[in-house]
Amino acid sequence: MIPAAPRPRENQGAPHARIDARLKVTGEARYAADIALDRMAYAVLVTSDIARGEVKSISLHAARSAPGVLDIVSYDDIDGLRKPTFSTSSYTSLGPLHQRTIYHDGQIMALVVADTFEAAESAASRVTVEYSRQPPTAHFDSPGTSQMDAAGKVALLDEDPCTGDFAKAFAAAEVKIEADYATPQQTHNPIELFSTTAAWSEDVLTIYEPTQSLYGFRAEIAHQLGMDVAKVRVISPYVGGGFGSKGPSTPRSALVALAARRLGVPVRCVVSRSQGFTTMPYRAPTRHHIKLGANAAGKLQAYSHDAWELTSRVDNYAVGGTDTTARMYAYGAVATHVRLVKADRQTPAYMRSPPELPYMFALESALDELSYELGMDPVELRLRNDTQKDPISGKRFSSRHLKECYEKGAREFGWNKRNPLPRATRQGDWLVGLGCATAVYPTNVAAATARVRLEATGDVRVQSASQEIGTGIRTVAGQMAAEQLGVPFEKVTVEMGDTDLPAAPVSGGSNSTASVCSAVLKACEKIRARLRKVAGSNLAPSGSNLPQLFKKLGVGVIEEYGEFVPEGVPPEALQKLYAGQTTMLSGSERKQVMFAFGAEFVEVRINVRTREIRVPRLLGVFAAGRIMNTRTARSQLMGGLIWGVSSALHEATEIDPRTARTVNRDLQDYLVPVNADVDRVDVIMLPEVDEAVNPAGVKGVGELGNVGTNAAVANAVFHATGVRVRSLPIRLEKLLEGY
Amino acid sequence: MEQFEYRRESSLERTLEAARPARPDVRGAQNAIAQFIAGGTNLTDYMTLGVAKPNILVDINGLRERLGKIESNGRRLRLGALVRMAEAEDHPLIRRDFPIIAQTLTLAASRQIRNMASLGGNTLQRTRCEYFREVSWPCNKRIPGSGCAALEGINREHAILGTSEHCIAAYPGDFAQALIALEATVETTGGRSGPRTIPFAELHRLPDDTPHLETILAPGELITFLNVPTGPWTRRSCYVKVRDRESYQFALTSAAVALHLEGDIVQEARVALGGVATIPWRSSEAEAVLGGHKLNETLAARAAEAAFAGARPRRHNAFKIAIGQQTLVRALLQAQQMKVFK
Amino acid sequence: MRRHSAAAAPLGKPLPLRERPTYNITLRVNERAHALRLDPRTTLLDAIRDHLGLTGTKKGCGHGQCGACTVLMDGKRVLSCMSFAVMAEHHEITTIEGLSRPGGQLHPMQQAFIDHDAFQCGYCTPGQIMSAIACVTEGHAASATAIREYMSGNLCRCAAYPNIVAAIEQAAAAMRGT
């Protein structure tokens with residue numbers, strides 16, 4: 001048995017190899033910037049060197065006369081382009097060329113188009129700009145920030161969850177923890193560079209761009225260009241990683257389309273890795289002030305969570321993770337408050353587990369601190385405060401097996417063999433520590449559509465404009481059809497990545513498997529209904545009797561279109577979907593509260609002299625509903641665990657406080673794990689059945705694995721060293737005495 | 001990237017001719033109009049960034065036959081400048097007799113880069129300082145007199161030894177620490193007075209008030225060979241490199257040590273420090289403490305303290321003192337533990 | 001695989017080059033010789049992708065920091081983004097496309113990557129595979145520890161690392177014939 005292909009347990013699907021596996025290992029899978037078009041020109045962005053001020057003058061003359069230059073798009077030159085609309089389809093409302101004001105470091109100032117990449121790149125460096133500079137506000141502590149309440153002002157947080165009288169309950173608590181935590185800015189940095197390739201054929205625009213939201217992207221671009229959506233086609237066959245960065249569109253794309261229209265040739269713009277740090281969104285830094293009160297037996301009585309999230313001056317974006325953390329345990333009284341802090345930055349957006357990653361770091365670290373204060377096993381503390389009811393709404397969880405995850409995980413990890421005292425375990429020159437934390441992610445589901453075609457040969461084609469970003473959605477959608485229609489998986493082809501296909505929601509919020517598979521299910525149900533008419537009630541549509549059934553029906557193929565709308569969502573959601581708007585029902589909005597859960601365990605080793613922090617063992621035990629494919633799910637969870645470690649130890653986008661400019665704009669200094677950082681990673685998926693979540697019975701796992709890990713690492717570091725690090729990343733200097 | 005003329009000759013004479021400056025150049029070898037390129041793993045990077053702008057690129061790979069050999073006569077190791085890092089890393093004689101060299105190579109970069117990079121070019125690699133790499137920042141190394149954005153900036157990775165008020169950029173290379181510790185010499189040709197041999201320790205210049213002048217090489221002067229003398233310390237040698245992640249990262253701190261021990265008594269020590277200084281850094285301060293004494297934790301700690309006594313930290317890199325000291329202690333004790341055959 | 005509409009051609013005809021120095025070189029890629037006229041600033045990576053239409057090799061950073069552009073040069077793994085195409089004459093370059101065998105049989109490394117799900121988004125995968133093949137032929141795949149270290153020059157943001165290591169262990173055995 002191969003670890004990559006765990007044997008499926010109850011309610012878990014076969015570990016089929018990815019349907020696109022061969023294409024990916026042969027280099028035949030095409031990503032957007034692989035697509036070369038006749039007479040294609042190359043474009044390079046010119047971006048600002050200041051974060052705040054005005055462009056007094058911009059000289060394009062030297063650039064225009066450089067060899068090979070075809071055109072430059074810049075201020076006063078944007079052909080009536082509309083500003084973007086701040087929404088899930090566009091990360092900012094800022095149209096960078098609509099005014100000469102600079103709002104953030106690396107803001108687009110021009111697009112230089114030439115006949116070769118080298119010519120464009122060289123010409124771009126000849127653009128000269130004179131700025132009038134204003135001192136920018138870089139960070140939480142910089143002068144010049146402004147604050148506001150987030151609840152009700154941002155898409156992800158309607159209200160600050162609260163219940164009971166926190167002040168009274170906290171005052172009465174026998175044991176208290178009060179601490180500040182901080183998470184840094186992170187940049188997604190998928191390995192695929194961002195790009196836009198735009199081509200016009202008369203008045204029809206085709207854009208090849210890696211995106212996590214084909215329909216959303218199309219609608220937004222059409223809006224900016226003042227076009228009918230029907231005249232825009234977006235193709236994104238494979239996406240080289242997204243993690244949220246390719247979810248919302250950015251202002252670059254319409255500029256490239258504009259250039260292509262003016263020149264009458266296709267134009268490809270690849271954003272450099274460095275420009276990806278400033279022209280694309282990021283995960284905002286956060287700060288937290290947590291208070292926990294418990295009785296001496298470890299029952300929680302009070303929890304308060306104040307949080308601050310950085311955003312731009314231009315847009316209000318916050319992730320509001322209290323919406324999840326407030327539901328995690330039987331707290332007693334809960335008081336939360338999220339605030340936005342505005343600074344001179346580009347607008348942040350969502351990055352893998354946007355609310356949970358930073359907020360659960362704070363909560364799960366605080367719980368660990370409480371456990372030591374209580375003299376109690378941190379696992380036991382979670383179990384003692386486990387609940388089957390959301391403390392805020394009183395609604396039941398549709399399924400919650402956190403307890404089983406912890407119990408299984410503790411056993412597998414040898415948790416009870418540890419010496420619970422901090423700084424008590426050493427092997428040679430290495431201090432050893434174990435830590436644990438809760439993983440959680442809401443089960444989100446959205447309106448989605450799919451078309452399925454069945455042929456008499458048993459061949460099946462599934463079509464849906466979802467986005468394969470590495471999650472395996474192509475594969476599981478195919479598996480759903482194969483299972484529903486009773487054909488071998490090998491006979492299924494899946495088409496995605498094109499707005500010519502039926503609409504699907506954004507690949508965000510881990511909703512795709514649930515939503516798209518539910519739509520595929522609907523389409524297959526219709527096919528089965530048609531076959532049942534001639535087959536009778538005992539329908540076993542195997543390949544062998546299909547020809548007879550088709551003959552009886554008198555059809556060449558059976559093709560059905562299926563639409564899925566989550567229960568409680570109005571049917572207008574489908575029209576909105578086609579218009580580019582995903583209607584997503586979040587796990588906390590349903591009749592029951594719907595989350596996937598996990599328990600994560602981490603072993604760290606810290607060099608007693610030079611303080612390097614290494615993670616030789618990682619374990620996650622997850623209960624996440626129906627697992628469509630144990631191979632792809634395990635890979636998502638495993639990748640998520642490693643992401644979680646990265647969040648704890650490696651990643652931080654460094655902003656120079658004097659200039660609000662990004663300093664580590666490359667993969668040299670923006671650290672992500674390398675192969676040698678990862679040793680043993682174990683994933684256990686507990687069987688779980690939850691029929692309430694969606695017709696597919698699926699809970700999203702793409703953003704589950706990386707939640708809680710950063711706290712588990714910090715908790716393990718405390719266990720190893722006695723040093724509590726509350727501000728990520730945990731760098732070796734933070735473990736020096738007197739830091 | 002600026003346009004350049006590409007030249008590749010098959011003889012050393014024609015190669016030097018191609019790189020000979022047409023006029024006196026005050027920019028120094030690393031900013032000269034004509035640049036030699038071997039593996040390209042450093043120069044292409046800086047050309048892509050717009051930091052390096054040679055008008056003429058002189059490809060010296062045609063000289064592999066002459067400059068690509070590893071030889072030893074027992075008294076010294078002779079490395080051709082065009083030997084690739086990976087070749088030296090894999091070489092059995094180097095692994096056995098000069099482990100410090102093998103380790104400074106193996107722990108550097110990635111295998112792909114080591115397959116490409118030449119030993120000569122590797123010693124000349126330029127700083128990774130992000131304020132140097134991004135041309136929109138003030139940087140005295142790129143533009144003399146323009147200022148140093150790192151002094152009051154994000155300087156966690158910057159140097160604490162050999163710094164000046166004009167530049168605190170760290171020398172990033174590992175291999176150079178082995179060379180300076182082992183008192184290597186560098187043969188060059190094409191310089192102002194023809195072929196010459198210089199101690200490796202003199203190759204790099206402290207930044208002082210001329211950080212744009214990084215080496216004593218003249219424009220058009222080509223490194224041809226690196227010679228490493230054998231000594232009773234060369235076999236008992238090692239390199240410890242401390243980084244945030246386990247691999248594929250420059251050193252936060254590193255220590256290259258070579259010891260001649262009789263029992264536990266240090267007869268001779270050779271110590272170099274990486275990640276903490278503006279140039280390859282031989283620590284005679286540490287060597288002075290070690291020589292003649294019994295090597296143990298206490299002595300190692302004293303040597304480490306001496307090594308960093310002159311350190312001048314900035315806001316974000318003071319930790320390099322403690323971690324750098326501990327790195328040296330680790331390396332010394334590790335060298336002591338090695339099983340070495342005479 | 002879905003074919004694109006008529007708007008796309010497998011290798012687009014380039015716009016005609018004017019007004020700048022170019023060099024005529026011959027690149028040997030996957031055992032075929034290609035005559036090219038190139039701006040000397042063209043990296044080997046861009047020459048492979050944009051001038052030869054071999055888009056399997058990917059650009060992830062352009063600065064030698066991610067390994068996605070790894071190809072073999074005379075059997076050794078190198079970063080094609082850090083090399084000018086004009087310098088690559090007289091060398092034998094192998095890209096991911098060069099692994100294909102008659103009858104469509106996959107290289108053992110490719111098959112192992114599939115078996116062990118050693119990729120997710122697939123973008124770093126061609127570079128990983130080329131690097132992995134060389135890692136084995138270099139003799140650096142004798143243990144999981146060695147594999148992890150010697151494959152650290154290939155970043156995988158999807159973090160498929162444990163599966164990559166397992167795939168290389170399988171392929172190494174197959175390549176050794178054991």
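Because the structure is a prediction, the values reported are computed rather than measured.

Draft legend 1. View of the overall build of chain A. Counting secondary structure elements, chain A contains 16 helices and 28 strands. For 739 residues, the compact-globule estimate of 2.2 N^0.38 gives 27 Å, and chain A sits close to it at 26 Å. Taken along its principal axes, the extent of the C-alpha atoms in chain A is 80 × 75 × 50 Å. Each of the 739 residues in chain A was classed as buried or not, and the buried ones make up 68%. Carbon together with sulfur atoms contributes 48% to the accessible area of chain A, which is approximately 22,400 Å² in total. For chain A, the distance from the average site of its 83 positive side-chain charges to the average site of its 81 negative ones is 3 Å.

Draft legend 2. Seen up close, the interface of chain A and chain C. Across the contact, 81 residues belong to chain A and 65 residues belong to chain C. A combined buried area of about 5,900 Å² lies between chain A and chain C, and 55% of that area is made up of carbon and sulfur atoms. The largest share of the area that chain A buries against chain C comes from Val25, Ile191 and Asn675 of chain A, three residues that together contribute 13% of it. With a closest N to O distance of 2.9 Å, Glu651 of chain A and Arg157 of chain C form a salt bridge. Here chain A and chain C share 32 residue pairs in polar contact (both at pLDDT 80 or more) between them.

Draft legend 3. Representation of the pattern of salt bridges within the structure. As enumerated under the stated definition, the model contains 86 salt bridges over all chains in all. Here Arg235 of chain B makes a salt bridge to Asp97 of chain B, at a shortest N to O gap of 2.7 Å. One end of the pair, Arg235 of chain B, is in the loop between strand S8 (222-229) and strand S9 (237-242); the other, Asp97 of chain B, is in helix H5 (residues 92-97), and 138 residues separate them in sequence. Classification of Arg235 of chain B by relative accessible area gives partly exposed; the value is 24%. Using a relative accessible area of 11% as the deciding quantity, one classes Asp97 of chain B as buried. The structure contains a network of salt bridges with shared partners spanning Glu89, Asp90, Arg111 and Arg114 of chain B together with Arg77 and Glu138 of chain C.

Draft legend 4. Summary view of the packing of aromatic side chains. All names here are of chain A. Applying the stated criterion across every chain yields a total of 20 aromatic pairs over all chains. On the numbers, 4.7 Å between centres and 75 degrees between planes, the contact of Tyr372 with Phe718 is edge-to-face. Residue Tyr372 is located in helix H8 (residues 356-374), and its partner Phe718 is located in helix H16 (residues 709-721); the two are separated by 346 residues in the primary sequence. Following the ring pairs from residue to residue traces out a cluster consisting of Tyr406, Phe413, Trp415 and Phe601.

Draft legend 5. Structural context of the pairing of strand S6 (residues 185-189) of chain B. Residue and element names in this part refer to chain B. The buried fraction of S6 amounts to 4 of the 5 residues, a majority that puts the element mostly inside the structure. As judged from the 4 bridges shared by S6 and strand S7 (residues 196-199), these two strands associate in the antiparallel manner. Its bridge partner lying in S7, Val186 is registered against Ile198. If you look at the hairpin formed by S6 and S7, you'll find 6 residues sitting between the two strands, and Gly190 has a positive phi there, around 85 degrees. Direction of pairing for S6 relative to S8: antiparallel, over a ladder of 5 bridges. Considered in S8, the bridge of Thr188 is made with Ile223.

About the thresholds
- Residues numbered from 1 in each chain as written.
- Chains lettered and ligands numbered in written order.
- Predicted model: local features only at pLDDT ≥ 70, side-chain atom pairs only at ≥ 80, totals over all residues.
- Heavy atoms only, no water.
- Helix = DSSP H or I, 4+ residues; strand = E, 2+ residues; numbered from the N terminus.
- Rg over C-alpha atoms; globule rule 2.2 N^0.38 Å.
- Buried < 20%, exposed > 50% of the residue type's maximum accessible area, 1.4 Å probe, protein only.
- Areas by Shrake-Rupley, 256 points an atom, 1.4 Å probe, with all protein chains shown as cover.
- Lys, Arg positive; Asp, Glu negative; His and termini not counted.
- Charge placed at Lys NZ, Arg CZ, Asp CG, Glu CD.
- Contact = heavy atoms within 4.5 Å.
- Buried area = accessible area lost by both parts, 1.4 Å probe.
- Salt bridge = Lys/Arg side-chain N within 4 Å of Asp/Glu carboxyl O.
- Polar contact = N/O pair within 3.5 Å; in protein donor to acceptor, adjacent residues only side chain to side chain.
- Phe/Tyr/Trp six-rings, centres within 6.5 Å; stacked < 30°, edge-to-face > 60°.
- Pairing = 2+ DSSP bridges.

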